[in-house]
Amino acid sequence: MLLTQQDIYIRAGSTETFTVTVTDANGAAVDCTGAELRMQIRDGATGALLASAGCAWTNAAGGIGVAVFDATSTGAITYAGTVISDFERHAYAVEVAFATGEVETVAAGFAFVQ
C-alpha cells in the first residue's frame, strides 16, 4: 500500500468530507471489497481521540471511499478544555482494515483545526 502524507484543514463546527483513494506502490487501485475504512483525528500532544469520521466505500473494488466529519464532531474538538479559536495542530490517520485482519494506514498527516 502507498502511504499518502498530506495535511488537512478543518473549520470547527463545519461538516468536512474527504475522498480517500487506496493505491499500491505502483499507483494501481487496491480492491477494498469487504474492508473497513476509518479515519480519526487525535490530539497532537497526548494522542487522545478527538473525532472519528463516518466512512463508506463509494467504489470498494476501485479503492475509493469517503470520510465525513459532521459539524457536531468538528465542533467538539477542544484543546486545554476550550474550543479552539486559533489553528491547532493535531494528527490524523486513515486506515483500511481488511477481512484478513491486516490493517494498513493509507494516509496520515497533520490536521489543522480552527
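Each chain has its residues counted from 1, running along the sequence as written. Local features are withheld for residues below a pLDDT of 70 in this predicted model, meaning they are given only at 70 or higher, and side-chain atom pairs are given and counted only at 80 or more; totals for whole chains, interfaces and linings count all residues. Values shown for side chains rest on all heavy atoms present in the structure; no hydrogens or waters enter the calculation.

Caption draft 1: Representation of the overall build of the protein chain within the structure. Looking only at helices and strands, one finds one helix and eleven strands in the protein chain. Residue exposure (1.4 Å probe, protein chains only): buried if accessible area is under 20% of the type maximum, exposed if over 50%, otherwise partly exposed. For the protein chain, the proportion of its 114 residues judged to be buried stands at 34%. Taking contacts inside the protein chain between residues at least 6 apart in sequence as the whole, the part at least 24 apart equals 60%. Areas reported as accessible are Shrake-Rupley estimates using a 1.4 Å probe. Residue values count occlusion only from the protein chains shown. By element, 50% of the accessible surface of the protein chain is carried by carbon and sulfur atoms, the whole surface being about 6,100 Å². Under the DSSP-based scheme used, a helix requires at least four consecutive residues in state H or I and a strand at least two consecutive residues in state E, with every element numbered from the N terminus. Whether two residues are in contact is decided by their heavy atoms: any pair within 4.5 Å suffices.

Caption draft 2: Structural context of the sheet that holds strand β3 (residues 16-21). Pairing between strands is defined by DSSP: at least two bridges between them are needed. Pairing in this open sheet of three strands is antiparallel, and the strands run β3-β7-β6 from one edge to the other. Since the sheet does not close on itself, it has two edges, and those belong to β3 and β6 (54-59), each with one partner. For this sheet, the mean inter-axis angle between neighbouring strands, taken without regard to orientation, is 25 degrees. In this structure, β6 lies alongside strand β7 (residues 64-69), joined through five bridges in antiparallel fashion. The residue of β7 that forms the bridge with Ala-56 is Val-66. The convention used is that axes are lines fitted to C-alpha atoms, helices contributing only their stretch in contact, and that angles between N-to-C directions extend from 0 to 180 degrees.

Caption draft 3: Looking closely at the packing of aromatic side chains. By convention, a stacked pair of Phe, Tyr or Trp rings (six-membered ring in the case of Trp) has centres within 6.5 Å and planes under 30 degrees apart, an edge-to-face pair has planes over 60 apart, and any other such pair is tilted. Following the criterion strictly, the structure yields three aromatic pairs and no others. Ring geometry for Phe-18 against Phe-69: centres 6.3 Å apart, planes inclined by 80 degrees, an arrangement best described as edge-to-face. Placement of Phe-18 in strand β3 and of Phe-69 in strand β7 is noted, with a sequence separation of 51 residues between them. Using a relative accessible area of 0% as the deciding quantity, one classes Phe-69 as buried. Taken together, a centroid distance of 6.2 Å and an interplanar angle of 55 degrees make the contact between Phe-110 and Phe-112 tilted. With a relative accessible area of 35%, Phe-110 lands in the partly exposed category.

Caption draft 4: Examining the environment of Arg-11 more closely. In this structure, Arg-11 sits in the loop between β2 (8-10) and β3. Once the C-alpha coordinates of Arg-11 and Gly-75 are considered, the two residues, 64 residues apart in sequence, prove to be 8.2 Å apart. Setting aside residues up to four positions removed in sequence, Arg-11 forms contacts with Glu-16, Thr-74 and Gln-114.

Caption draft 5: Region of the structure containing the nonpolar core. Counting residues in each nonpolar core, the largest one holds 24 residues, and the members touching the most others are Met-39, Phe-69, Tyr-92, Val-94 and Val-96. Ranked by residues supplied to this core, first place goes to strand β11 (residues 103-113) with four residues. If near-sequence neighbours (up to four positions away) are discounted, Val-94 is found in contact with Val-20, Leu-37, Arg-38, Met-39, Glu-104, Thr-105, Val-106 and Ala-107. To define a nonpolar core, start from buried Ala, Val, Leu, Ile, Met, Phe, Trp, Tyr and Cys residues and group those joined through side-chain atoms within 4.5 Å.

Caption draft 6: Main features of the side chain of Thr-74. Here Thr-74 shows up in helix α1 (residues 71-75). Under this definition, polar contacts are N or O atom pairs within 3.5 Å; protein pairs additionally need one hydrogen-donor-capable and one acceptor-capable atom, and for neighbouring residues in sequence, both atoms have to be side-chain atoms. A distance of 3.3 Å separates the side chain of Thr-74 from the backbone oxygen of Ala-71, its partner in a polar contact. Apart from residues no more than four positions distant in its own chain, Thr-74 is found in contact with Ile-10, Arg-11, Ala-12, Gly-13, Ser-14, Glu-16 and Phe-69.

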